[in-house]
Amino acid sequence: QMRLQRMFMCLSLLHFRRKQNDGAWQIDMAGAGMPPLMLFRAQSQRVEYIRSQGIVLGTMESAEYPLITFDVQAGDTLLLMSDGILELFNASGDELGTQRLEDCFVRLCKQQQPITSAAMLNELHTLTDNWIDGEPLHDDIALIVVKVNA
């Protein structure tokens, strides 16, 4: 029998709407306790962090989950993640953290040859495997890569 009285969840919801025929999209996002998503802007070659404001689901009987709206263009790449990847510890007790993940993400986005979402996920998986080097996981890891096409 499952006991759900003390269950808490994190969640991100994204709704994509095409703005024009030039590859522009508008994204509405609401989140509950998730780390900020990373958005690599192809035009500027920089990462932006988009942070949702909602608290973890299940912590309060009623809570507000504000909608955040932002635009993306063809060539942009989004990385959504659970906190498990950021909180990976290696044998020395060091956390993988946001900066190491961002560095890998940017390197993959800037490659001369375009990389697929699946290949990017494989590379991020390799990063985590090499980081923990056989150490046990203490949290789940969820990653989603979205490459924006025209």
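Please read all numbers here as calculations on a predicted model, not as lab measurements. (Residues numbered from 1 in each chain as written. Predicted model: local features only at pLDDT ≥ 70, side-chain atom pairs only at ≥ 80, totals over all residues. Heavy atoms only, no water.)

Here we look at the side chain of Thr 128
Here's step 1: Relative to the helices and strands, Thr 128 resides in helix 3 (residues 117–132).
Here's step 2: Reaching out from Thr 128, the side chain makes a polar contact with the backbone oxygen of His 125 at a distance of 2.7 Å.
Here's step 3: Residues in contact with Thr 128, not counting those within four places in the same chain, are Ile 85, Leu 88 and Leu 96. (Helix = DSSP H or I, 4+ residues; strand = E, 2+ residues; numbered from the N terminus. Polar contact = N/O pair within 3.5 Å; in protein donor to acceptor, adjacent residues only side chain to side chain. Contact = heavy atoms within 4.5 Å.)

Quick look at the sheet that holds strand 6 (residues 77–81)
Here's step 1: Pairing is antiparallel across the open sheet formed by 4 strands, whose spatial order is 4-3-6-7. At either end of the open sheet lies a strand with only one pairing partner, and these are strand 4 (46–50) and strand 7 (143–147). The average angle at which neighbouring strand axes cross in this sheet is 20°, direction not considered.
Here's step 2: Where strand 6 meets strand 7, 5 bridges bridge the pair, whose relative direction is antiparallel. What sits directly across from Leu 79, in strand 7, is Val 145.
Here's step 3: Contacting strand 6 and strand 7, helix 3 crosses the sheet at an angle of about 145° to strand 7. (Pairing = 2+ DSSP bridges. Axes fitted to C-alpha atoms, helices over the stretch in contact; angles between N-to-C directions.)

A short note on the pairing of strand 3 (residues 37–41)
Here's step 1: Burial runs high along strand 3: 5 of the 5 residues are buried.
Here's step 2: On strand 3, burial covers both faces: Leu 37, Leu 39 and Arg 41 on one face and Met 38 and Phe 40 on the other are all buried.
Here's step 3: Sheet topology note: the strand 3/strand 4 ladder contains 5 bridges and is antiparallel. In the sheet register, Leu 37 faces strand 4, and the bridge partner there is Ile 50.
Here's step 4: Counted between consecutive antiparallel strands, the loop separating strand 3 from strand 4 contains 4 residues, among which Gln 45 sits at a positive phi close to 60°. (Buried < 20%, exposed > 50% of the residue type's maximum accessible area, 1.4 Å probe, protein only.)

Side note on the layout of surface pockets
Here's step 1: Its volume calculated, the largest pocket comes out at about 290 Å³.
Here's step 2: Considering the residues around the largest pocket, the lining is formed by 14 residues, among which Cys 10, Met 34, Met 81, Ser 82 and Ala 142 are closest to the centre.
Here's step 3: Only strand 1 (11–18), strand 6 and strand 7 provide two or more residues apiece to the lining of the largest pocket.
Here's step 4: The dominant element in the lining of the largest pocket, judged by the number of residues it contributes, is strand 1, at 3 residues.
Here's step 5: A class-by-class count of the residues in the lining of the largest pocket yields 9 nonpolar, 2 polar and 3 charged. (1 Å grid on protein atoms, 1.4 Å probe; cavity = no way out; pocket = protein on both sides within 12 Å on 5 of 7 lines; lining within 4 Å. Points joined across faces, edges and corners; volume = space filled by probe spheres on them. Nonpolar A, V, L, I, M, F, W, Y, C, P; charged D, E, K, R; others polar.)

Remarks on helix 2 (residues 97–109)
Here's step 1: The first and last C-alpha atoms of helix 2 sit 19 Å apart over 13 residues, in line with the 18 Å expected at 1.5 Å per residue.
Here's step 2: What helix 2 keeps buried is the set Gly 97, Leu 101, Glu 102, Cys 104, Phe 105, Val 106, Leu 108 and Cys 109.
Here's step 3: Where helix 2 is buried, its residues contact strand 3, strand 4, strand 6, helix 1 (83–86) and helix 3. (Expected span 1.5 Å × (residues − 1).)

Concerning the nonpolar core
Here's step 1: Grouped together as the largest cluster of nonpolar side chains are 21 residues, with contacts concentrated most on Leu 79, Leu 101, Phe 105, Met 120 and Leu 124.
Here's step 2: Listed by contribution, the elements that provide at least two residues to this core are strand 3, strand 6, helix 1, helix 2 and helix 3.
Here's step 3: Here this core takes 6 residues from helix 2, the largest share from any one element.
Here's step 4: Apart from residues lying up to four places away in sequence, Phe 105 is in contact with Met 38, Phe 40, Val 47, Thr 77, Leu 78, Leu 79 and Met 120.
Here's step 5: In this structure, Ile 27, Met 29, Leu 37 and Phe 70 belong to the second largest nonpolar core, which totals 11 residues. (Core = buried A, V, L, I, M, F, W, Y, C linked by side-chain atoms within 4.5 Å.)

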